[in-house]
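# Working through the structure, step by step
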Amino acid sequence: MPGLKMNLNCPRRLAIYAVFDVLDTMGAEYARSMTGDIQAKVNVLGKTSGYAFSVTEQSRDTSILHVAIPHPAEDLTEEGKQLALQYLMDSILYHMDQALFPEQSR
C-alpha cells in the first residue's frame, strides 16, 4: 500500500486537528477507526480514493504524520497514487504552517 510519512515539530493533537481541517475543506467523508486511524474518502485529482491518516506521538512536541492509500480508485495509476498522497501531505503541512505561523504567511 503506497504511503508517505513526515516528521513534525508539533504535538500529535495539533496534527490531528490539521488533518480534520483539511478533510473538511476538501468535503471528504471520514471516520475514526478503532486503531485511531482516520479513514477518509477524498476526491484528489478528480478521483475518489480511500485514504488512511494517522499521527504517532514521538514526544510532547513532536509527532509523525502517516498518509496511505489503501483503497485507490480503480483507474488511478501508480504515479497518480503518489501525486495524490503528496498533495494531501502538502495540504496538511501547509495548513499547519498557516495555523502555527500565521505571521510568516503574509
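Overview of the structure. Because the structure is predicted, anything quoted here is derived from the model rather than measured. (Residues numbered from 1 in each chain as written. Predicted model: local features only at pLDDT ≥ 70, side-chain atom pairs only at ≥ 80, totals over all residues. Heavy atoms only, no water.)

## Quick look at the overall build of the protein
Inclusion rule: By definition, any uninterrupted DSSP run of H or I lasting at least four residues is a helix, any uninterrupted run of E lasting at least two residues is a strand, and each is numbered from the N terminus. The globule rule used for comparison is 2.2 Å times the number of residues to the exponent 0.38, while the radius of gyration itself is calculated over C-alpha atoms. The buried label applies to any residue whose accessible area, calculated with a 1.4 Å probe on protein chains only, is under 20% of its type's maximum; exposed applies above 50%, and partly exposed to all values in between. In this description, contact between two residues means that some pair of their heavy atoms is separated by no more than 4.5 Å. Only the protein chains shown count as covering a residue, and every accessible area follows the Shrake-Rupley method with a 1.4 Å probe.
When helices and strands are tallied, the protein shows two helices and five strands. When the helices and strands of the protein are read in sequence order from the N terminus, they spell out β-α-β-β-β-β-α. A compact globule built from 106 residues would reach a C-alpha radius of gyration of about 13 Å, and the protein, at 13 Å, matches this within 12%. Overall size of the protein, expressed as C-alpha extent along the three principal axes, is 40 × 35 × 20 Å. Sorting the 106 residues of the protein into buried and exposed places 37% on the buried side. Contacts spanning at least 24 positions in sequence make up 52% of the contacts within the protein whose residues lie at least 6 apart. Carbon and sulfur atoms provide 50% of the accessible area of the protein, an area that totals close to 6600 Å².

## Looking at the packing of aromatic side chains
The line we're drawing: Two rings from Phe, Tyr or Trp (for Trp, the six-membered ring) form a pair when their centres sit within 6.5 Å of each other. Planes less than 30 degrees apart are called stacked, planes more than 60 degrees apart edge-to-face, and all others tilted.
Applying the stated criterion across every chain, the model contains two aromatic pairs. Taking the centre distance of 5.0 Å and the plane angle of 45° together, the rings of F20 and Y30 count as tilted. Linking F20 in helix α1 (residues 12–25) with Y30 in strand β2 (residues 29–32), this pair joins segments that are 10 residues apart in sequence. For the ring pair Y51 and F53, a centre distance of 6.5 Å and an interplane angle of 40° mean the geometry is tilted. Accessibility assignment for this pair places Y51 and F53 in one class, buried.

## Comments concerning the packing of α1 against helix α2 (residues 78–100)
Put simply, the rule is: The convention used is that axes are lines fitted to C-alpha atoms, helices contributing only their stretch in contact, and that angles between N-to-C directions extend from 0 to 180 degrees. Working rule for handedness: look at the near helix, and if it is turned counterclockwise from the far one by less than a right angle, call the crossing left-handed; if clockwise, right-handed. Polar here means any residue outside two lists: the nonpolar Ala, Val, Leu, Ile, Met, Phe, Trp, Tyr, Cys and Pro, and the charged Asp, Glu, Lys and Arg; Gly therefore counts as polar.
Where α1 meets α2, the closest approach of the two axes is 9 Å, and the angle between their N-to-C directions is 115°. Note on packing geometry: the crossing formed by α1 with α2 is right-handed. Packed against α1, whose contacting residues are L14, A15, A18, V19, D21 and V22, the element α2 presents S91, I92, H95, M96 and L100 at the interface. Looking at the contact of α1 with α2 residue by residue, the classes come out as eight nonpolar, two polar and one charged.

## Section: unusual backbone geometry
In the Ramachandran plot, L45 falls in the positive-phi region, its phi being about 60° despite a non-glycine side chain. Examined against the element boundaries, L45 turns out to sit in the loop between β3 (38–44) and β4 (47–59). Residue classification places L45 among the exposed positions, given a relative accessible area of 53%.

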